[in-house]
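So the chains spell out like this:
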Amino acid sequence: MEISENTKLCLQLRCNLNNDENLKPLSNKEFLKLENFLSEYSLSFTELIKDKKILFKIEKNLSLQEKRISSLLNSGVALSFYLDKWSKRGIWVLSSYDEEYPINYKIKLRNVIKPILFGVGTKEFLNSPSLGIVGPRDSGLSSLKYSEKAAAKCAENQISIISGGARGVDTYAINGALGNGGRVINILTAELFKESINEKYKKFTLDNNLILLSTQLPEENWSIGRAMDRNKYIYALSDGVLVPECKKESGGTWSGIIENQKKRYSTLYFKPSNESNIDNKIYEGGAISHTELNLEDLKKRKIDIDLSKLLVKEIAYLQGKSERAVKSYLTRNSIEVIDYPVRKRTELPDENSEEQIQKEFDI
């Protein structure tokens, strides 16, 4: 399995690969603190294994014990075992330091959480125009058929479907896309190692029409907490999300809607469920009618990306250009991005200004 050095180090820091009960991997908050510290001093993660002095600086400034970080990084043998095990199942790993890592995650989650992604299938459409389709497991037949038709329409227009693979709306949406030659990103709650050999998925992953994606270690088991946590990754990865039904203020569909209202991950398109109290709350929270969903608009969102929220190298990968060409473009158009602030031209002083008079006097 090909895996970048930064991704290896992210795995070691974020996962207890040695299964040491007395060792805690870095939490998301701790990892972001460490990442910001390294960035501030123009250091990379690889410096952590090259120069131990940096670990003591980290301990002093961030209260992350040198011994703890050293112990986490001392898991190279275990990491090799896991990588070999995953590779045999066709499982790949991506971190936010990899080019193929979804641009939508880099934009929407950069300062919040940077999940390590585990997947099966081609990576090539992780950054394609997409529509999330999610809904209750016990939806009515009309909502299920609507989801299936909407996914089929997306397949005709080269728009990927993102869903969670649950019974009901999710399954109908996935079948509607795959049954019409479309592409699907199925974000699993967990159990990727087991699902990677599921016969119902194998044909589609081999045909490059399906990606099985997880933010959990492939061996992790399903849990309600992880299922709820998975919602944000569906919403954040999607360019828009369609919810064909929501009849109660509980469950995964409702919690996903509420979280999206707070975080504004994606535009939510909602099909009223004739429960006026619930419908009104969803619309008041920023959702718009499903009738306003325009597939061409979804495609444009992948073109009209807010470049200011990206790094130069990320823009270069997205546009298929060199970093030099990107910097030239940004300079010409006075566009500032995270790691490339454009210098403004210094205005010439007025010929009668005090500054100009002083210069003439000096001469």
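Residues numbered from 1 in each chain as written. Predicted model: local features only at pLDDT ≥ 70, side-chain atom pairs only at ≥ 80, totals over all residues. Heavy atoms only, no water.

Peer 1: Tell me about the overall build of the chain, and name the residues and values.
Peer 2: If you tally the helices and strands in the chain, you get 18 helices and nine strands. Taken along its principal axes, the extent of the C-alpha atoms in the chain is 85 × 55 × 40 Å. Across the 363 residues of the chain, 48% fall into the buried class. Restricting to contacts in the chain with at least 6 residues of sequence separation, those with at least 24 account for 71%. (Helix = DSSP H or I, 4+ residues; strand = E, 2+ residues; numbered from the N terminus. Buried < 20%, exposed > 50% of the residue type's maximum accessible area, 1.4 Å probe, protein only. Contact = heavy atoms within 4.5 Å.)

Peer 1: Talk me through the pattern of salt bridges; I want residue IDs and the actual numbers.
Peer 2: Scanning the entire structure with this criterion turns up 17 salt bridges. Taking the shortest distance from any N to any O, the salt bridge between Asp207 and Lys203 comes out at 3.0 Å. Between Glu249 and Lys281 there is a salt bridge, with its nearest N and O atoms 3.0 Å apart. Of the two residues, Glu249 is situated in the loop between strand 7 (240-243) and helix 13 (251-263) and Lys281 in helix 14 (residues 276-284); the sequence distance between them amounts to 32 residues. Classification of Glu249 as partly exposed rests on a relative accessible area of 37%. A single salt-bridge network, built from bridges that share partners, covers Lys106, Arg110 and Glu314. (Salt bridge = Lys/Arg side-chain N within 4 Å of Asp/Glu carboxyl O.)

Peer 1: Can you lay out the packing of aromatic side chains for me, pointing to particular residues and giving the numbers?
Peer 2: Evaluation of the coordinates by the stated rule reveals nine aromatic pairs. Plain terms: the ring middles of Tyr82 and Trp86 are 5.5 Å apart, the flat faces sit at 35° to each other, and that makes the pair tilted. Of this pair, Tyr82 and Trp86 both sit in helix 6 (residues 76-87), separated by four residues, roughly a single helical turn. Of the two residues examined, Tyr82 and Trp86, each falls in the buried class. Ring centres of Trp86 and Phe118 lie 5.4 Å apart, and the angle between their planes is 75°; on these two criteria the pair is classed as edge-to-face. (Phe/Tyr/Trp six-rings, centres within 6.5 Å; stacked < 30°, edge-to-face > 60°.)

Peer 1: Pulling in residues and values, what's your account of the environment of Ser250?
Peer 2: Structurally, Ser250 is set in the loop between strand 7 and helix 13. The exposure class of Ser250 is partly exposed, given its relative accessible area of 39%. Between the C-alpha atoms of Ser250 and Leu213, which are 37 residues apart in sequence, the distance is 25 Å.

Peer 1: Hey, could you go over the nonpolar core for me, with residue numbers and the actual values?
Peer 2: Taken as a class, soluble globular proteins show a tendency for nonpolar side chains to be buried jointly. Counting residues in each nonpolar core, the largest one holds 57 residues, and the members touching the most others are Leu11, Leu34, Leu48 and Ile58. Ile113, Val134, Ile211 and Phe270 belong to the second-largest nonpolar core, a separate cluster that totals 31 residues. (Core = buried A, V, L, I, M, F, W, Y, C linked by side-chain atoms within 4.5 Å.)

Peer 1: Any details on the packing of helix 12 (residues 224-237) against helix 13? Residues and values, ideally.
Peer 2: Closest axis-to-axis distance for the helix 12/helix 13 pair is 9 Å, and the angle between their directions is 55°. The angle between the axes of helix 12 and helix 13 places the two elements in the oblique class. Where helix 12 crosses over helix 13, the two elements pack in a sense that is right-handed. When helix 12 is examined against helix 13, the residues Met228, Asn231, Lys232 and Tyr235 are found in contact with a partner set consisting of Gly251, Gly252, Ser255, Gly256, Ile257, Glu259 and Asn260. (Axes fitted to C-alpha atoms, helices over the stretch in contact; angles between N-to-C directions. Parallel < 35°, antiparallel > 145°, perpendicular 65-115°, else oblique. Left-handed = near helix turned anticlockwise from the far one by under 90°.)

Note that every value here comes from positions in space, so none of it alone points to a role or purpose.
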